[in-house]
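# Chains, contacts and geometry: an overview
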Amino acid sequence: MVRRKSALALAGLMFVSVLSGCAGTSGGSGGENDQAIGNSGKAEPPKSAVPVELVVADGLGDFPLERFNKVFAEPIKKKYPHITLKWIASGDISKRITAGEPIDLVISSSGLLQARVVDFGLQYDVTPLIKKYNYDLSKVEPAALDMFKKFGNGAVWGIPSFMSPSPLYYNKDVFDKFGVPYPKDGMTWDDLNEMSKKLTRLDGNEQYYGLFLSFAHVIRRNQYSLNVVDPATSKAAFNADAWKSVFEQSGQFYRNPNMNMTTASAALAFQRDAFIKKRSVAMWLPVSTLHTEAELQGMNWDMASFPTYKDKPNVGPQPYPVAFFVTTSSKYKDDAFQVAAFMATEEYQMEWVKKGEFLTALKNDMLRKSFGADTALYKGKNIKAMLPDTYAPASALTKYNSVAETIMNSTFTKYILNQTDLNTALRGAEEDTNKKIAELQAAEKK
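The rules we used
- Residues numbered from 1 in each chain as written.
- Predicted model: local features only at pLDDT ≥ 70, side-chain atom pairs only at ≥ 80, totals over all residues.
- Heavy atoms only, no water.
- UniProt positions renumbered as here; feature names shortened; annotations may be inferred.
- Pairing = 2+ DSSP bridges.
- Helix = DSSP H or I, 4+ residues; strand = E, 2+ residues; numbered from the N terminus.
- Axes fitted to C-alpha atoms, helices over the stretch in contact; angles between N-to-C directions.
- Contact = heavy atoms within 4.5 Å.
- Buried < 20%, exposed > 50% of the residue type's maximum accessible area, 1.4 Å probe, protein only.

Within an unreviewed UniProt entry, the label attached to the protein reads Extracellular solute-binding protein, and the organism entered is Paenibacillus allorhizosphaerae. Heading Subcellular location (unreviewed entry) of the UniProt record for the protein holds this comment: "Cell envelope".

Below is the structure:
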């Protein structure tokens, strides 16, 4: 999706929950500003429109104001001259709510929707507005839309616009150094492990690593669509054979004795820097990151598709969408929805997709193939690897997912450092998660 700083914000440890959607009739400016978006995704210019300022909150965490103006505010002003977008930082969301000042839109990812929208009670069902403006939901990636519907127990809180990428980055120079063929699309986790073994070694005083990955994102985008918390019982759900397989498939790279893993090298920041800065890592699977030109400058790099499980051929990770969410506090819900819906149109996206600003959440082959077409960074690169052909179905999401994921991720670290066996680790993690959930539930009742 967005470039690395914002992409890292997308990938924060906070996850989403399934709570009751706040359905309601559309409010806002009324007929004067109404514009039919229609099946084409294009809105006709208004005959008469009352000027409105829409406050947009940064629900991604660190999206720069300058980039917001260039990528969002200016295109909206061009399309809808009566609408002005005002940007506020994520830290100002609670301040505005406390002061009784409205927020009209929040841009957020599936991973931060709970923390930036739901926790503030800002979620709003835009289903009536979708019908009113005839937005064609069939244009959206179905798995991403299903994910957002699960957030709202059937209510549509947002139309997926952008998608976080999921390529396997690799450094050709490391492969060339050790005479190993480059990875290809369609490889399995086990295929990559065999390749990683050939690249993992101590060469003189330099430690080379075959593959590093972000396990926190493997959890939430797991290809088996496994729940971390059972939505029916609010109990941890990861002491199961399929979860063991996820741990084993991801852990096999690290448990290679030639990796010489330490507490320091088990940290994600170390692993990211080893690939980006030190360049001693052959393959890097950040799962949800779009690296910048500055980060990749001077590296002989390319991408391959996300690895698959043998028993789940051709199934990629779960989607990780981003949308503009219309809020309950907005007095201009019609105008806010038209902004959100316009962001999810080919008309808006083509220019910015070509510039490599973000990847699309629309089911549109032309948009997918056009990513980075106007930039030197992606010239000759395997762009197809950015997004899977088939997404895994969305897992069930609860308000306690972040608790479970945090404990699961720390359990993985113990596992790859050989501090515990997997069965014991998962059993203990499930007990710790249930205890923490019970504490949170007790606090909620007070």
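On to the sheet that holds strand E11 (residues 301–304), then. Strand order in this open sheet of 5 strands is E6-E7-E10-E5-E11, and the pairing throughout is mixed. Of all strands in the sheet, those with a lone pairing partner are strand E6 (201–203) and E11, marking the two edges. This sheet shows a mean twist of 25 degrees between the axes of neighbouring strands, independent of strand direction. Bridging between E6 and strand E7 (residues 206–213) involves 3 bridges; their strand directions are antiparallel. The residue bridging Arg 201 from the neighbouring strand is Tyr 208, located in E7. Each of strand E5 (168–171), E7 and strand E10 (281–285) is contacted by helix H11 (residues 268–278), which is oriented at about 125 degrees to E10, the strand it contacts most.

Looking at where Val 229 falls in the secondary structure, it is placed in strand E8 (residues 229–230). By relative accessible area, Val 229 is classed as buried at 0%. Taking the C-alpha atoms as reference points, Val 229 and Asn 434, separated by 205 residues in sequence, lie 9.3 Å from one another.

On to the environment of Phe 238, then. With respect to the helices and strands, Phe 238 occurs in the loop between strand E9 (235–236) and helix H10 (241–251). Given the relative accessible area of 0%, Phe 238 is considered buried. Spatially, the C-alpha atom of Phe 238 lies 9.9 Å from that of Thr 433, the residues being 195 residues apart in sequence. Filtering out sequence-adjacent residues up to four positions away, Phe 238 remains in contact with Val 228, Trp 243, Ala 404, Met 408, Leu 426, Ala 429, Glu 430 and Thr 433.

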